[in-house]
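Here are the chains, one letter per residue:
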Amino acid sequence: QVHLTESGGGLVQAGGSLRLSCVGSGFTFSDYAMGWFRQTPGKEREFVSAISRSGSGTYYADSVKGRFTISRENAENTVFLQMDNLTPEDTADYYCATATKFRVKYYDRSDYDYWGQGAQVIVSS
């Protein structure tokens, strides 16, 4: 059974940093692309970042480009999201997800099959 577990969320002041982690189990982690999405109340879940199976390809939403960095450590079944220079607009629940299909539209949440339970990030001004 596939499980994704996020950690590392919390409260931070604007301009600060957080690092989210997501550990996967129940599947061969290195076989699948991984993504991060975020959601605020009343809004749709939006793409934040994604990384290819090997880690050679990384993708970012324009709103986080240059501030967030995605990486993965396949030996540890873990994907990371380093978030720097955070702003109150980054406040959301952050979800990691895995896409099992071979060709993934990284920006499209419908291409992801399994999701974690979410990690809350609050950025105060």
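Owing to the predicted nature of the structure, the values given are computational and were not obtained by experimental measurement.

Analysis parameters
Residues numbered from 1 in each chain as written. Predicted model: local features only at pLDDT ≥ 70, side-chain atom pairs only at ≥ 80, totals over all residues. Heavy atoms only, no water. Pairing = 2+ DSSP bridges. Helix = DSSP H or I, 4+ residues; strand = E, 2+ residues; numbered from the N terminus. Axes fitted to C-alpha atoms, helices over the stretch in contact; angles between N-to-C directions. Salt bridge = Lys/Arg side-chain N within 4 Å of Asp/Glu carboxyl O. Buried < 20%, exposed > 50% of the residue type's maximum accessible area, 1.4 Å probe, protein only. Phe/Tyr/Trp six-rings, centres within 6.5 Å; stacked < 30°, edge-to-face > 60°. Lys NZ or Arg CZ within 6 Å of the ring centre and 35° of its normal. Core = buried A, V, L, I, M, F, W, Y, C linked by side-chain atoms within 4.5 Å.

Moving on: the sheet that holds strand β1 (residues 3–7). Spatial strand order, β1-β3-β8-β7: four strands in an open sheet with antiparallel pairing. Looking at which strands have only one partner, the edges of the open sheet turn out to be β1 and β7 (68–73). Averaged over neighbouring strand pairs, the angle between their axes works out to 15° when direction is ignored. As paired strands, β1 and strand β3 (residues 18–25) are joined by five bridges and run antiparallel to one another.

This part takes up the pattern of salt bridges. If you walk through the whole model with that rule in mind, you get seven salt bridges. The partner of D90 in a salt bridge is R67, and the shortest N-O contact between them spans 2.7 Å. With D90 in the loop between β8 (78–83) and β9 (92–99) and R67 in the loop between β6 (58–60) and β7, this pair connects stretches of sequence that are 23 residues apart. Taking the relative accessible area as the measure of exposure, R67 reaches 15% and is therefore buried. Between K105 and D111 there is a salt bridge; the shortest N-O distance is 3.5 Å. For K105, a relative accessible area of 48% puts it in the partly exposed group. Members of the salt-bridge network, linked through shared partners, are R38, E46, R67 and D90.

Positive phi, close to 55°, is recorded for N77, a residue that is not glycine. The class of N77 is partly exposed, set by a relative accessible area of 27%. Here N85, not a glycine, exhibits a phi torsion of approximately 50°, which is positive. Residue position: N85 is located in the loop between β8 and β9.

All right, on to the packing of aromatic side chains then. Each aromatic ring pair is described using two quantities: the centre-to-centre distance and the angle formed by the ring planes. Under the definition given, this model contains eight aromatic pairs. When the ring of Y59 is compared with that of Y106, the centres are 4.2 Å apart and the planes differ by 15°; the resulting orientation is stacked. With a gap of 47 residues between them, Y59 in strand β6 and Y106 in the loop between β9 and β10 (114–115) connect regions that are remote in the sequence. The buried category is assigned to Y106, whose relative accessible area is 17%. Taken together through their ring pairs, the aromatic side chains of F37, F47, Y107, Y112 and W115 make up a single cluster. In this structure, R45 is placed above the aromatic ring of Y95, and the distance from its NZ or CZ to the ring centre is 3.6 Å.

Within the largest apolar cluster, 35 residues are counted, with the highest numbers of intra-cluster contacts made by W36, L81, M83 and Y94. Residue assignment for this core shows that the elements contributing at least two residues are β3, β4 (33–39), β5 (46–51), β7, β8, β9 and β11 (119–124). In terms of residues, this core owes the most to one element, β9, which gives five residues.

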